[in-house]
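Fold and geometry: a report
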Amino acid sequence: MIHPDTEIRRVDDVVGIGVFATKRIPRGTLTWALDPLDQILAAPRLEGLGAQWEGWLDHHTYHDPSGNRVLCWDAARSMNHSCRPTCGGSDLGFEVALVDIEEGEQLTNDYGTLHLDAREGFACRCGAPGCRGLVEPDGSAWERWLPELRAALALLTEVPQPLAPIVTPAILRAGRRAVGLPATAKRRRLHAV
Ligand SMILES: [Zn+2]
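Residues numbered from 1 in each chain as written. Predicted model: local features only at pLDDT ≥ 70, side-chain atom pairs only at ≥ 80, totals over all residues.

Some remarks on the sheet that holds strand 8 (residues 87-88)
Short version of the rule: Paired strands, as defined in this entry, are two strands with at least two bridges between them according to DSSP. By the criteria applied, helices consist of DSSP H or I runs no shorter than four residues and strands consist of E runs no shorter than two, each listed in order from the N terminus. Contact criterion: two residues are in contact if their C-beta atoms, reconstructed from the backbone, are within 7 Å. The convention used is that axes are lines fitted to C-alpha atoms, helices contributing only their stretch in contact, and that angles between N-to-C directions extend from 0 to 180 degrees.
Read from one edge of the open sheet, three strands run 3-9-8, paired in antiparallel fashion. Looking at which strands have only one partner, the edges of the open sheet turn out to be strand 3 (30-33) and strand 8. Pairing of strand 8 with strand 9 (residues 94-97) involves two bridges; the strand directions are antiparallel. Paired with Cys87 across the bridge in strand 9 is Ala97. In this fold helix 3 (residues 141-153) packs onto strand 8 and strand 9, with an angle of close to 80° to the strand it touches most, strand 9.

A look at unusual backbone geometry
Although it is not a glycine, His115 adopts a positive phi angle of roughly 55°. Within the element layout of this structure, His115 appears in the loop between strand 10 (106-109) and strand 11 (122-123).

Topic: the nonpolar core
Rules: The term nonpolar core refers to a set of buried Ala, Val, Leu, Ile, Met, Phe, Trp, Tyr and Cys residues connected through C-beta atoms within 7 Å. Exposure in this text rests on C-beta crowding, where 20 or more other C-beta atoms within 10 Å of a residue's own make it buried, 12 or fewer make it exposed, and counts in between make it partly exposed. The C-beta atoms are placed from the backbone.
Core analysis: the biggest nonpolar cluster contains 36 residues, and Trp32, Ala33, Phe94, Val96 and Ala97 have the highest contact counts within it. Contributions of two or more residues to this core are made by strand 2 (16-21), strand 3, strand 9 and helix 3. When residues in this core are grouped by element, the largest group, four residues, is from helix 3. If sequence neighbours within four positions are ignored, Val96 has contacts with Gly28, Thr29, Leu30, Thr31, Cys87, Gly88, Gly89, Leu149, Ala152 and Leu153.

Details of the pairing of strand 2
Looking down a regular strand, the side chains alternate between one sheet face and the other. As paired elements, strand 1 (residues 6-12) and strand 2 share six bridges and run antiparallel to each other. The residue of strand 2 that forms the bridge with Ile8 is Val19. The turn joining strand 1 and strand 2, which pair antiparallel and follow one another in sequence, is formed by three residues. Summarising the sheet, strand 2 and strand 10 pair through two bridges and their orientation is antiparallel. Paired with Val19 across the strands is Leu107, a residue of strand 10.

Notes on the environment of Ile2
Note that Ile2 resides in the segment before strand 1. For the pair Ile2 and Trp73, spaced 71 residues apart in the sequence, the C-alpha separation amounts to 9.7 Å. Sequence-distant contacts of Ile2, defined by excluding residues within four places in its chain, comprise Val19, Trp32, Asp74, Ala75 and Ala76.

A word on helix 4 (residues 169-178)
Here is the rule: When we speak of the arc, we mean the arc of directions from the helix axis to the C-beta atoms.
Buried within helix 4 we find Leu172, Gly175 and Arg176. The arc that holds the buried residues of helix 4, viewed along the axis, is 95°, so those residues lie on one side. Next to the buried residues of helix 4 lie strand 9 and helix 3. Two residues or fewer after helix 4 comes Gly180, characterised by a positive phi angle close to 90°.

Re the pairing of strand 9
Here strand 9 shows two buried faces, one formed by Phe94 and Val96 and the other by Glu95 and Ala97. Note that strand 3 and strand 9 share three bridges and pair antiparallel. Bridged to Trp32 within strand 9 is Glu95. Once strand 8 ends, the chain turns through five residues before running back antiparallel as strand 9, passing Gly89 with a positive phi of about 115°.

Let's talk about the sheet that holds strand 5 (residues 61-63)
In spatial order, the strands read 4-6-5; together these three strands make up an open sheet with antiparallel pairing. The two strands at the open ends of the sheet, each matched to only one other strand, are strand 4 (39-41) and strand 5. Across the sheet, the mean angle separating the axes of adjacent strands is 30° when strand polarity is ignored. Pairing between strand 4 and strand 6 (residues 69-71): three bridges, direction antiparallel. Residue pairing for strand 6: Gln39 is matched across the bridge by Leu71.

Note that all results are geometric; they support no functional claim without further evidence.
Quick look at the structure:
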C-alpha cells in the first residue's frame, strides 16, 4: 500500500505517469508496504500465463529476493526509477523515505535494487546528478543505498507513520536487522496517524 499523501500524476510523454507527494513526507516515513492485496506471482503461475504477458509484467511488477514477481494493486506499481531515489528498501517488504520528500516531488526507487532480468535493462533519463545512464541488473545496488536506509530507518519512530497498521513489528525488526541496526528501536511503537 502506498502512502496516503500521494497521487498519480503525468510526468511526460516518454515516462508516462508517476507517484507524487501531495504533502511533505519526512525522511524515515514508510512510503510503501507490501499488503495482503498485493499479488505475489511465483514461477509456475508466471509460466502458465504465456509470453503475451511478458511485457506487461516487466512494466508493472518487480522481482522480490525469492524470484517471485510482485504486482502491487494500487499506485505503488507506478513508482518510477531514479538513480538518486527518494525511497528505498523494497526487499524488506516496505519502503522508507530516504530523504524529506516535498509536496509535489516524485516518489522513486532505484530499479537496480529490484533484481532486474537482463532484458529489463533500460537507458535512464532520470536527470538526477550522477545518473548512471543505463539501469541494468546490479548486484551492488543494495549496498549502495545501505547508509541511506540505515539513516532513514533510525527515524522510524520519530515521524508520523500512516502505514503503521500495515507493517507488523516483526517485519520492522527484520528490516532493521537487515540494514545492520538493532532490531528494537528506542521507542517501540510507531506513531500511527
Ligand atoms: Zn538515471
